[in-house]
Structure formats: C-alpha cells, structure tokens
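Structural overview for review
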Amino acid sequence: MEMKVALTRTATATMWTISGCLLMLTALVGGFNIDTKSAVIHRGTAASMFGFSVSLFRDKGNSWILVGAPAAKTSQPNVTEGGAVYRCGTESTSFCSIIPFDVTGPKTVNIGRDIVYTESKSNQWFGATIDASAENGLVVACAPRYVHFSINYQRREPVGTCYIARNSLGSFEEYSPCRTSSSWGLHRQGHCQAGFSAALAESGRQLFVGAPGSWYLQGQVYSRNLISNTEDRKTNESPGEYDDSYLGYSLAVGKFTANGDTGVVVGMPRGNNLSGQVVIFDSLLNILQNITGEQMGSYYGYAVCVSDVNGDDLDDIVVGAPLYTDLQSKESKYEEGSVYVHYQNAEHIFDEDNKSVLNGTYTRGRFGLALASLKDINKDGYEDFAVGAPYAGKDGRGIIYIYHGSSSGIREKPSQIITPEDFADSGLSTLGFAISGAMDMDSNEYPDIVIGAYESDRVIFMRSRPVVNITSSMILSKEVISLEDKTCNLKDKSKVACIEATLCLSYNGLGVAPEIDLSYQYTLDANQRSSRVLFLDADPVQLASRTRNIRLKKDVQYCNTSTVYIQNGIRDKLTPIEIKASYDLIDLEPYRFVLKPILNKNVPTAASNELNIEKNCGKDDICIPDLQLYVI
C-alpha cells in the first residue's frame with residue numbers, strides 16, 4: 001500500500017511542501033482610515049518566526065497584541081525551539097513578554113532504572129495558531145507539531161496540542177484531543193496535528209480545533225464546551241476517496257442557522273478532487289452545506305473568515321485560494337491567488353452562484369493566503385475584511401488589501417492597499433502572512449488591525465481613524481440659461497448672463513470632533529481650455545477657480561452662494577458648463593501626534609452641477625444641423 005504523507009507548513013515562500021510523515025506547520029491615493037503613520041512595530045528575536053500568527057485581545061481595559069513565534073527558544077528544560085506566544089503593548093514597542101502557557105519540559109516515566117520520555121516539545125511550533133474571544137474572554141494557543149510517544153513510548157505520534165488561557169492569562173489548561181492510548185497511527189488520529197487551526201466562539205463558550213492529519217489526512221474537526229469542559233464532539237471518518245483532503249486546515253466561527261448558535265466553516269483545500277472546498281457545520285458539528293472550489297490546485301479553503309459584508313445580519317463566508325492561477329492570462333503569471341465571497345440568504349443557504357470573486361495581480365503573490373474579518377472598520381453599516389498577499393508587491397515583500405462591504409456586497413476595489421513602503425522599516429518581508437482585526441483597541445469606537453510578517457520577525461499594529469461623512473450639494477438658481485437674459489453688470493458697465501451657485505456642506509460621523517476645518521475649491525467649466533464662466537465678484541480679474549477654508553460644526557449645515565457669469569461671445573453653446581466644488585480636511589496642527597479623522601473615501605468628495613445654455617432646438621432640446629453638401 002502506498003505510504004501516506006503529511007503536508008508541511010514552511011517558513012518560506014514555498015508555502016506548504018510534502019514531508020516524511022509530519023503535518024507541520026502603499027495606500028491608495030489619500031488612503032483610507034487605517035493609519036500607517038502611527039503604526040507600532042514590534043520586532044522579535046531573529047529566526048523565531050515572530051508574527052507567524054497574531055490576534056488582538058482586550059482584558060480589564062488593557063489592550064494587547066498576541067503574537068505567535070513558533071520557532072522561539074524558551075526556558076523549558078530539554079526543549080529545543082519549542083515556540084512561544086508573546087503579549088505585546090499597543091502604545092509603544094517597549095513591552096513584549098512571553099505568556100507562560102507551558103513552562104515545563106517533556107514528561108517522563110520510570111521504566112526500571114531508566115527514565116523515558118513520553119512526549120517531545122522540541123520544534124512543536126507552539127504559537128503557530130492563536131485566537132482570542134471577546135473582551136475579558138479566553139485565549140487559545142496551539143502547537144500542531146507536538147509529538148506524543150505511544151506503544152511503549154517507542155512510536156512517535158504528531159498529535160498536536162492546544163492550551164487555553166483563562167482569568168486574564170493567569171491560568172492555563174491543556175487540550176490535546178488526539179492524544180489517546182488507542183487511536184494511534186496515520187490511519188487513525190496518530191498524525192492528526194490538532195491545533196493546525198483553532199477558533200473560539202466570541203462568547204468564549206466553545207472551542208473548535210482543526211486536525212487535518214487524521215485518517216490518512218482526511219482531516220477532522222473537534223469541538224469542546226469550555227464552560228463545562230465536557231460535551232466534546234468530533235467529525236467522523238469518511239470513505240477512502242476523502243484521503244489527503246486536509247479537513248481542518250483552516251476554520252472560522254459564525255452563525256449559519258436560524259437558531260443563532262455559533263457554527264464553524266472549515267477549509268478543506270485538497271478536497272473535491274483537489275479543487276478544494278469548505279464545509280459548514282452547526283454548533284454540534286452536523287454538516288449544513290459544502291461549497292466547492294473552481295480550479296484544481298488553487299488551494300481553495302487555505303484560509304477562511306466570516307463577515308456580514310452586505311449588512312443583512314447574516315454571516316457571509318470569505319474563502320482564500322492563494323494558488324489560483326489565471327489560465328487565460330497572456331502574461332505567464334501564476335499563483336496570483338483569488339478570494340471568494342459567498343453570501344448567506346434568508347434561508348441560511350449559500351448559493352454557489354451568488355458570490356463575488358476578487359483576484360490577485362502579482363505572479364506568485366498568493367493573494368488570499370491570509371484573511372481576517374475587520375467588523376465595520378469605517379462605520380458605514382457594512383462589515384469589512386482584509387486580504388493578505390505576503391509574496392506580492394515590490395521584491396515580493398507582501399501587500400495587505402482592505403475591502404469594504406456595501407448593500408450590494410463586497411466592493412470590487414480595495415479601499416486601501418498597505419505595503420512595506422508605508423513604514424519606516426526597510427527589513428519588512430512576508431507582510432500580511434497573518435492578520436487579525438475586529439476589535440477596538442484604543443476606545444475610539446473603530447476596530448483596529450494587527451499584521452504579522454514572520455520572515456522578518458515583525459508585527460505591525462495600526463489604529464483606525466474616525467471617518468467624517470460629508471453631505472454636500474451644489475444648487476444652481478437656473479438649470480438652463482438664455483444668453484440674452486443679461487441681468488448682471490460688470491465693472492466696465494457691460495451686461496452679462498449670470499446665475500447663483502450655492503454650495504451646501506454638513507458633516508457627521510462616529511467619534512468625530514464637534515468642529516472640523518475644511519478646505520474647498522470651486523472650479524468653473526474645468527473641462528474647457530478656457531472657462532466660459534467666471535466669478536462675478538472677482539471682476540475685473542477673470543477668475544474661474546478659488547479656494548476657501550471654513551470651519552464646520554457637526555450636524556450644522558453651511559451654505560455659500562456665489563454669482564457666476566457667462567462671458568459674452570462664447571462659441572461653444574452645446575457643451576454643458578460644470579460648476580464643481582471639491583473639498584478635503586485641513587490639518588491645522590500637523591505637529592500634534594494624535595489620531596486624526598479622515599474623509600469617507602467611499603463617497604465622492606465633491607459637489608457639482610451642470611448649467612445648460614438655451615439653444616432653441618425644440619421640445620427635445622436636441623439641435624440637428626441643417627447642413628447640405630453639394631458636389632460640383
């Protein structure tokens with residue numbers, strides 16, 4: 001019989017490779033509201049893989065970044081590079097300390113006069129997986145390469161293990177569901193590598209653990225009730241055609257049933273004849289639905305997250321396929337990656353035809369290798385998510401893409417693109433290998449984000465800026481004007497046709513100041529080489545553009561009326577005249593190092609209207625030239 005092998009999660013751009021028998025583990029113009037300038041960058045010990053996994057955690061009013069460093073050296077006796085999880089500050093780089101999940105060395109037993117080890121914690125990759133529940137909740141951290149010694153302590157079983165932290169990271173308990181005396185071997189749970197993925201319910205009541213190495217790598221999911229520490233559940237073995245499918249490679253919690261219980265969506269990137277699939281389970285690990293990938297070898301299901309991107313109070317599922325290749329491309333690209341957004345309908349079904357697809361653009365960029373829900377990061381009523389492409393961009397150093405939701409689903413274009421060049425750290429690489437968000441860490445009512453870059457042993461924490469929503473309008477006293485209706489006088493006594501243009505502005509927003517300073521620029525007929533309209537109060541200077549600075553009060557409308565006139569003798573009377581005012585915030589205190597608001601970039605930052613010149617072209621106002629040609 002062919003020997004089954006397990007997949008290895010590597011610390012290189014090769015992503016996952018086959019091993020002997022262990023399953024191891026620049027903003028857009030103007031940017032948007034994730035602030036890169038005030039980023040806090042933590043640096044770990046070199047080659048510790050600091051930043052391989054990340055999570056945000058709040059406890060008793062304190063904000064912490066949790067960072068996995070699975071190759072870190074610890075003080076545990078007889079353990080080589082066992083890995084660690086750090087707790088780091090969000091305000092500065094001065095604090096990072098190891099959380100003491102496990103401070104002991106490997107267990108031993110006495111057999112006669114010999115002391116025999118019963119397990120190995122060396123190279124176990126503790127911290128490869130971490131997750132935290134809601135504020136004042138629990139934390140789980142896993143070592144998927146932890147090895148248990150079975151059958152007279154002679155057989156090595158990479159079963160994996162997890163630790164759960166309670167009481168403000170003050171007490172710890174181990175959970176290793178595959179470590180049993182009977183379920184040994186590759187054909188059972190002996191190579192399950194529990195903790196390859198893990199997620200806590202937001203309430204902290206339930207833990208889900210992925211074990212993709214069970215049953216010849218079919219994979220498995222475990223669930224534990226953390227209130228009673230009982231009611232353990234697990235998925236069962238499937239027929240042999242499901243071998244090498246890797247169920248449990250990734251997972252994320254969400255609500256997928258009418259009763260509102262917390263279920264889980266689980267990645268299975270080699271399922272469905274290597275096209276990949278995700279499996280949706282309810283809270284009792286009953287299968288609700290399968291969703292399948294589209295391309296063989298795309299690794300659909302490598303990463304998953306849950307986000308209500310269309311604001312219908314139903315959790316949608318986001319799936320990464322980082323090895324997707326556009327086979328129609330003529331540019332010889334490969335492994336650009338894709339991300340699929342599957343929408344949950346009112347019947348709690350995910351129609352596979354009702355989806356959005358986002359595509360990477362960099363060859364070998366692996367767009368979709370990391371995904372994270374950000375909740376509603378810009379406070380527009382729709383949840384958002386982040387996509388990591390850790391090998392994209394300049395020199396393959398990585399890119400983070402931020403996508404916003406809307407009433408019609410996810411917006412196709414990212415609202416913000418974050419690159420290594422946005423930070424004063426030339427050593428950054430694999431930016432976006434790990435992402436976590438969806439938690440407000442600075443109490444400004446906006447969720448924040450942390451990004452891991454394990455290859456450079458870096459973690460970057462960024463805060464979200466308050467978003468200012470401007471409501472604007474440009475109202476013209478006339479929509480159509482006759483050039484013969486000359487009601488205004490220039491200083492040289494000549495008469496001209498004119499109208500009044502009124503710009504009105506108001507603003508609101510969550511967490512924004514009661515007053516803001518704004519600059520707006522009026523432009524008249526900007527699409528013409530020479531403007532046909534000018535500001536009347538500037539006469540005799542011919543002025544078609546002006547800038548003004550104003551101070552607005554929250555929820556109070558500001559209006560300004562300007563009179564503009566049409567120059568006599570213009571030739572183009574068919575093209576409408578655009579009157580436009582664009583605006584932006586003013587920073588009157590650039591020297592103050594505080595988090596400052598930003599305009600909502602998902603809506604136009606300008607107000608405009610068009611003025612038409614009366615043409616006397618009939619009821620439809622369409623002029624048809626009466627031009628005749630004669631050949632002589």
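Residues numbered from 1 in each chain as written. Predicted model: local features only at pLDDT ≥ 70, side-chain atom pairs only at ≥ 80, totals over all residues. Heavy atoms only, no water.

**Considerations on the overall build of the chain**
The test is simple: In this text, helices come from DSSP runs of H or I with a minimum length of four residues, and strands from runs of E with a minimum of two, each type numbered from the N-terminal end. Categorising residues by exposure relies on relative accessible area from a 1.4 Å probe, with only protein chains included: less than 20% of the type maximum marks a residue as buried, more than 50% marks it as exposed, and the intermediate range marks it as partly exposed. For every accessible area listed, the method is Shrake-Rupley and the probe measures 1.4 Å; residues are considered covered only by the protein chains on display. In this tally Asp and Glu are treated as negative and Lys and Arg as positive; neither His nor the chain ends contributes. By convention, the point assigned to a charge is CZ for Arg, NZ for Lys, CD for Glu and CG for Asp.
In terms of helices and strands, the chain carries two helices and 46 strands. A total of 632 residues make up the chain; the buried ones form 56% of that total. As presented, the chain carries roughly 28100 Å² of accessible surface, and 47% of it is formed by carbon and sulfur atoms. Charge separation in the chain, taken as the distance between the mean sites of 57 positive and 72 negative side-chain charges, equals 5 Å.

**A short note on the domain arrangement of the chain**
What counts is decided by this rule: Boundaries between domains were set according to an automatic or database domain assignment.
The domains assigned to the chain are domain 1 (56–88 + 97–381) and domain 2 (468–613). Once you take the C-alpha centre of each, domain 1 and domain 2 turn out to be 54 Å apart.

**A word on the packing of aromatic side chains**
Inclusion rule: The aromatic pairing rule takes the rings of Phe, Tyr and Trp, using the six-membered ring of Trp, and pairs them if the centres are within 6.5 Å, calling planes under 30 degrees apart stacked, those over 60 edge-to-face and the rest tilted. Sitting over a ring, as applied to charges here, requires NZ of Lys or CZ of Arg to be within 6 Å of the ring centre and within 35 degrees of the ring normal.
Taken as a whole and judged by the stated rule, the model has 22 aromatic pairs. Taking 5.5 Å as the distance between ring centres and 70 degrees as the angle between the ring planes, the aromatic pair formed by F50 and Y86 counts as edge-to-face. Of this pair, F50 sits in the loop between β3 (34–43) and β4 (53–59) while Y86 sits in strand β6 (residues 84–88), placing them 36 residues apart in sequence. For the residue pair F50 and Y86, the accessibility class agrees, reading buried in each case. Ring centres 5.1 Å apart and planes at 55 degrees place the aromatic pair F101 and F172 in the tilted group. Of this pair, F101 sits in the loop between β7 (96–98) and β8 (108–111) while F172 sits in strand β16 (residues 171–175), and the two are 71 residues apart along the sequence. Above the plane of the ring of F149 lies R156, whose end atom (NZ or CZ) is 3.6 Å from the centre. Here the guanidinium or amino end of R546 rests over the ring plane of F535, the centre of that ring lying 4.1 Å away.

**Structural notes on the side chain of Q416**
Stated formally: Polar contacts here mean pairs of N or O atoms no more than 3.5 Å apart (in protein, one a potential hydrogen donor and the other a potential acceptor; neighbouring residues in sequence count only if both atoms are side-chain atoms).
Locating Q416 in the fold gives a position in strand β32 (residues 416–418). The exposure class of Q416 is buried, given its relative accessible area of 2%. For Q416, the side chain forms a polar contact with the main-chain oxygen of I34, separated by 2.9 Å.

**Details of the state of the cysteines**
Throughout this description, disulfide means a covalent bond between two cysteine sulfur atoms. Note the cut-off: Sulfur atoms of two cysteines make up a disulfide when they are within 2.5 Å.
Throughout the structure, instances matching the rule amount to five disulfides. The side chain of C88 participates in a disulfide bridge whose partner is C96; the two sulfur atoms lie 1.8 Å from each other. Across the S-S bond linking C88 and C96, the dihedral sits near 105 degrees, which makes this disulfide right-handed. One disulfide bridge connects C178 with C192, the sulfur atoms lying 2.0 Å from each other. In this structure the cystine formed by C178 and C192 twists about its S-S bond by roughly 115 degrees; its chirality is therefore right-handed. With C178 in the loop between β16 and β17 (197–200) and C192 in the loop between β16 and β17, the pair connects residues that are 14 residues apart, well separated along the chain. On the basis of relative accessibility, which here comes to 2%, the residue C178 falls in the buried class. Look at C192 and you get buried, because its relative accessible area is 0%. Sulfur of C305: no disulfide; nearest cysteine sulfur belongs to C142 and is 19 Å away.

**A word on the pattern of salt bridges**
Applied cut-off: Salt bridge criterion: a side-chain nitrogen from Lys or Arg within 4 Å of a carboxyl oxygen from Asp or Glu.
Per the stated rule, a full pass over the model turns up 21 salt bridges. Across the pair D425 and R458 runs a salt bridge, and its minimum N-O distance is 2.8 Å. Here R458 lies in strand β35 (residues 458–464) and D425 lies in the loop between β32 and β33 (434–439), a separation of 33 residues in the sequence. For the pair D425 and R458, a shared accessibility class is recorded, and that class is buried. Several salt bridges share partner residues, and in doing so they unite R43, D425 and R458 into one network.

**A few points about the sheet that holds strand β44 (residues 577–585)**
Let me state the cut-off plainly: At least two bridges found by DSSP between two strands are what make those strands a pair.
With mixed pairing, the five strands of this open sheet are ordered in space as β37-β46-β44-β40-β42. In this open sheet, the two strands that pair with only one neighbour each are β37 (480–481) and β42 (545–553). Sheet analysis places β44 next to strand β46 (residues 606–613), joined by six bridges and oriented antiparallel. Residue pairing across strands places S582 opposite A606, the latter belonging to β46.

**Considerations on the pairing of strand β26 (residues 316–321)**
Burial within β26 is extensive, with six of its six residues counted as buried. Burial along β26 is two-sided: the face carrying D316, V318 and G320 and the face carrying I317, V319 and A321 are both buried. Where strand β25 (residues 303–307) meets β26, five bridges bridge the pair, whose relative direction is antiparallel. By the bridge assignment, A303 is partnered in β26 with G320. Pairing of β26 with strand β27 (residues 338–344), which is carried by five bridges, proceeds in the antiparallel orientation. For V319, the partnering residue across the bridge sits in β27 and is Y340.

**Regarding the nonpolar core**
The following threshold applies: For this analysis, a nonpolar core means a set of buried residues of the types Ala, Val, Leu, Ile, Met, Phe, Trp, Tyr and Cys, connected via side-chain atoms within 4.5 Å. Contact criterion: two residues are considered in contact whenever any of their non-hydrogen atoms come within 4.5 Å of each other.
In this structure, V339, F367, F385, V387, Y401, Y403 and I410 are the most contacted members of the largest nonpolar core, which totals 35 residues. Elements with a contribution of two residues or more to this core: β25, β27, β30 (384–389) and β31 (399–403). Sequence-distant contacts of I410, defined by excluding residues within four places in its chain, comprise V309, V341, Y343, S356, L358, F385, Y403, H404 and G405. Counting residues in each nonpolar core, the second largest holds 34 residues, with V468, A501, Y522 and I579 among its members.

**Comments concerning the environment of L285**
With respect to the helices and strands, the residue L285 is situated in the loop between β23 (277–281) and β24 (287–292). A residue is classified by how much of its surface remains accessible, and L285, at 9% relative accessible area, is buried. When the C-alpha positions of L285 and T235 are compared, they lie 6.7 Å apart, and in sequence the two are 50 residues distant. Setting aside residues no more than four positions away along its own chain, L285 makes contact with F208, V221, Y222, S223, R233, K234, T235 and V264.

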